[in-house]
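# Examination of the molecular architecture
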Amino acid sequence: MARLFLGLDSSTQSLSAVVIDLDMRKVVHEKSINFDQALPQFKTRHGVLPHRDPLLKHSPPLLWAAALDLIFAQLKKDGVALGKILAVSGCGQQHGSVYLNEKAAAALANLDPKKSLVENLDGIFARKTSPIWMDSSTAKECAEIRKKLGGIKYTASRTGSDTFERFTGPQIRKFYKTEPNAYAKTAGIALVSSFMASLLAGKIAPIDFGDGAGMNLMDIRRKNWNHDALKATAPGLINKLPPLAESGRVIGPVSPYFVNKFGLNPAALATVWTGDNPASALGLGLIKPGAAAISLGTSDTFFATMDKCQTDESGEGHVFASPTGGSLALICFKNGSLAREKIRALYKISDWKKFGELVAQTPPGNNGGILLPWFEPEIVPRVHQPSVRRFDLEEKNVAANCRAIFEAQMLALRLHSQWMQMAPEKIFATGGAANDPALLQVMADVLNCRVQRIEISKSAALGAALQAAHGWLVAADKNPQWEKLVAGFCDPVPGSEIRPDKKAAKIYDKLLEKYAASEYSALHGD
Ligand code: XUL
């Protein structure tokens, strides 16, 4: 009998499902539900409730529950053999929090298949809406918690990150300060990931170490709740948080709700979910410590698995726990393809092929030209006022500016990841711009590392499906090895490997110093 596993990804705008066949080593089904289109009654835009305060970004948790019903109905309609699924896992957009009252546990334990999940969950919330990762309304609470924890360095070394507006702890503190009665009535706080896992398991699910690390509440090394951080956040918080657990650990059989309604096997297992970034790292095949991936998306994200847990004293980067054990470092640069697109528009370059050709026409190191690419406010380094600066680079030189933008992005990535103290053997590149060999050559040369392209359409949901398989194998005492488990699922594109050019790499070693000095002078005055 086929061994099928289901991975779900509850992201900001959609819920996605990936079903894998472990023996055939392939994805057998994929599906996505777009929240705005499929569930217009929740009145979200891009999955978020419109609000006049641009800093406030909330979503209704019932939307995510409704999407869960809908995706199972859709999988059933598509003819997926739901009865053959052995375990379900998932991941959620990180940091978002769901506030449950004292009725939640009983409602979860008694989900009635004759009703929808939305009807079943009526009256279980202590707060109607959930602040999500796009919210930036908690600057004050971040400062308060950071101060109580002894500053940036100490906050980052204890919880894995400095306090960030979107992180759950500052969000909880704001809720406690602004709605103390509702906070007092909150019996349990879940993350998006643990809320969704709770629905599947029919009981309050643990928060996993990967997503728990995005709260400013978990001790990143000991992997337990950090009492100083809890105290700095809100009173009585320990009684409202579920236990922490490894990602993918079996919680129990799936709730009979899903068996009776959609035909899941009563023996199918519900497992602990994780955050979308840890799941995505898994789906991209970052298994062993020292593996790294760069996702060239709207923003550029650098993921790296670390054996030893290093934290960023400057407070720019994050450390989450990796679902495969060890730590996962993550740095997000806001000016990713956003900035590349700005350059393309500025110089009226017809398409990305032409952009790549222009980069290839210019020499590595760009004759010392540097461009600081902060078209939008940047998070790494922290730049509040957008500013684009050129050093020894003529604004009129189109080709040099095309090279300069990507060189700057890769130099910034190298500079701001030094705290990780790791030298990856190979980097997987993914996302739109990874299709361009000229850009990948710059990446390989600046980082002095082999680069391979990887194309996985739903890496987070795939990672979640692999996590479900791992959890099921652990529960069956099969002692699974991650490397064997992922083999065949996350292979890079054959023939896409690019090796660094030794001469170019030397040029970039020198240019890095100039880049760092340019950044310093732009940020702190000449
Ligand atoms: C990570 C973060 C985002 C969300 C997106 O810190 O805030 O990547 O996880 O879903």
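Refer to the structure printed above.
Residues numbered from 1 in each chain as written. Predicted model: local features only at pLDDT ≥ 70, side-chain atom pairs only at ≥ 80, totals over all residues. Heavy atoms only, no water.

### Observations regarding the sheet that holds strand E21 (residues 450-453)
Under the convention used in this document: Whether two strands pair depends on DSSP finding at least two bridges between them. Numbering of helices and strands runs from the N terminus, with a helix taken as a DSSP run of H or I at least four residues long and a strand as a DSSP run of E at least two residues long. Axis definition: a line fitted to C-alpha atoms, over the contacting stretch in the case of helices. Angles run 0 to 180 degrees between N-to-C directions.
Strand order in the open sheet formed by six strands is E16-E17-E15-E14-E20-E21, and the pairing between neighbours is mixed. The open sheet has two edge strands with one neighbour each: strand E16 (318-321) and E21. The mean inter-strand angle of the sheet, taken between neighbouring strand axes irrespective of direction, is 25 degrees. Here strand E14 (residues 292-296) pairs with strand E20 (residues 426-430) via four bridges, running parallel. When the bridges of E20 are listed, Ile 294 appears paired with Ala 429.

### Some details on the environment of Leu 4
Cut-off, in case you're wondering: The contact definition used throughout considers only heavy atoms, calling two residues in contact when any of these lie within 4.5 Å.
Here Leu 4 lies in strand E1 (residues 4-10). For the pair formed by Leu 4 and Val 19, sequence separation is 15 residues and the distance between their alpha carbons is 6.6 Å. With sequence-adjacent residues up to four places away left out, Leu 4 is seen in contact with Val 19, Ile 20, Asp 21, Val 28, Ala 81, Lys 84, Ile 85, Leu 86 and Ala 87.

### Structural notes on the state of the cysteines
Cut-off, in case you're wondering: Note that a disulfide, as used here, is simply two cysteine sulfur atoms within 2.5 Å.
Taken as a whole and judged by the stated rule, the model has zero disulfides. Here Cys 449 is not cross-linked by a disulfide; its sulfur's nearest cysteine counterpart is in Cys 490, at 18 Å.

### What about helix H6 (residues 152-159)?
Quick note on the threshold: For each residue, the accessible area found with a 1.4 Å probe, counting protein chains only, is set against the maximum for its type, and the residue is called buried under 20%, exposed over 50%, and partly exposed in between.
When we look at burial in H6, the residues that qualify are Thr 155, Ala 156, Arg 158 and Thr 159. Buried-residue contacts for H6 involve helix H5 (139-149) and helix H11 (227-233).

### Here we look at the site of the ligand
Put simply, the rule is: Any residue with a heavy atom positioned within 4 Å of a molecule or strand is treated as near that molecule or strand. Throughout this description, a polar contact denotes any pair of N or O atoms lying within 3.5 Å of each other; where both atoms belong to protein, one of them has to be capable of donating a hydrogen while the other can accept it, and for residues adjacent in sequence the pair is counted only when both atoms sit in side chains. Accessible areas in this description were obtained via Shrake-Rupley with a 1.4 Å probe; residue shielding takes into account the shown protein chains only. By the convention adopted, Pro, Cys, Tyr, Trp, Phe, Met, Ile, Leu, Val and Ala count as nonpolar, Lys, Arg, Asp and Glu as charged, and the other residues, Gly among them, as polar.
The full set of residues close to the ligand is Gln 93, Gln 94, His 95, Trp 133, Arg 166, Asp 276 and Asn 277. Asp 276 places a polar side-chain atom, nitrogen or oxygen, 2.4 Å from an oxygen atom of the ligand. Alone, the ligand offers 290 Å² of accessible surface; in the complex the protein occludes 85% of this. Grouping the constituent residues of the shell around the ligand by class yields one nonpolar, four polar and two charged.

### Some points on the packing of helix H16 (residues 398-415) against helix H17 (residues 437-447)
Defined as follows: Whether a crossing is left-handed or right-handed is set by the direction in which the near helix is turned from the far one by less than a right angle, anticlockwise for left-handed and clockwise for right-handed.
Relative orientation of the contacting elements H16 and H17 amounts to 35 degrees, with a least axis distance of 9 Å. Every pair of crossing elements has a handedness; the one defined by H16 and H17 is right-handed. Facing H16, whose interface residues are Arg 403, Phe 406, Glu 407, Met 410, Leu 411, Leu 413 and Arg 414, H17 presents Leu 439, Val 442, Met 443, Val 446 and Leu 447. Of the residues assigned to the contact of H16 with H17, the class counts are nine nonpolar, no polar and three charged.

### Overview of the packing of aromatic side chains
The criterion, for reference: Two rings belonging to Phe, Tyr or Trp (six-membered ring only in the last case) form a pair when the distance between their centres is within 6.5 Å. Interplanar angles under 30 degrees mark stacking, angles over 60 mark edge-to-face geometry, and anything in between is tilted. Counting as a charge over the ring demands two things of the Lys NZ or Arg CZ atom: a distance within 6 Å of the ring centre and an angle within 35 degrees of the ring normal.
Inspection of every chain in the model, using the stated rule, returns 12 aromatic pairs. Ring plane angle 25 degrees and centroid distance 5.5 Å describe the contact between Phe 72 and Phe 262, whose orientation is recorded as stacked. Residue Phe 72 is located in helix H2 (residues 61-77), and its partner Phe 262 is located in helix H12 (residues 256-262); the two are separated by 190 residues in the primary sequence. Assessed through its relative accessible area of 0%, Phe 72 is described here as buried. Ring centres 6.4 Å apart and planes at 75 degrees place the aromatic pair Phe 175 and Tyr 183 in the edge-to-face group. Assessed through its relative accessible area of 0%, Phe 175 is described here as buried. Residue Tyr 183 is classed as buried on the basis of its relative accessible area of 4%. Through pairs of rings, three or more aromatic residues link up here, namely Phe 72, Tyr 257, Phe 258 and Phe 262. Sitting over the face of the ring of Tyr 183, Lys 240 holds its NZ or CZ atom 4.6 Å from the ring centroid. Looking at Arg 344, its charged tip hangs above the ring of Trp 352, at a distance of 5.0 Å from the centre.

So, to be careful, I would describe these as geometric facts and stop short of saying anything about function.
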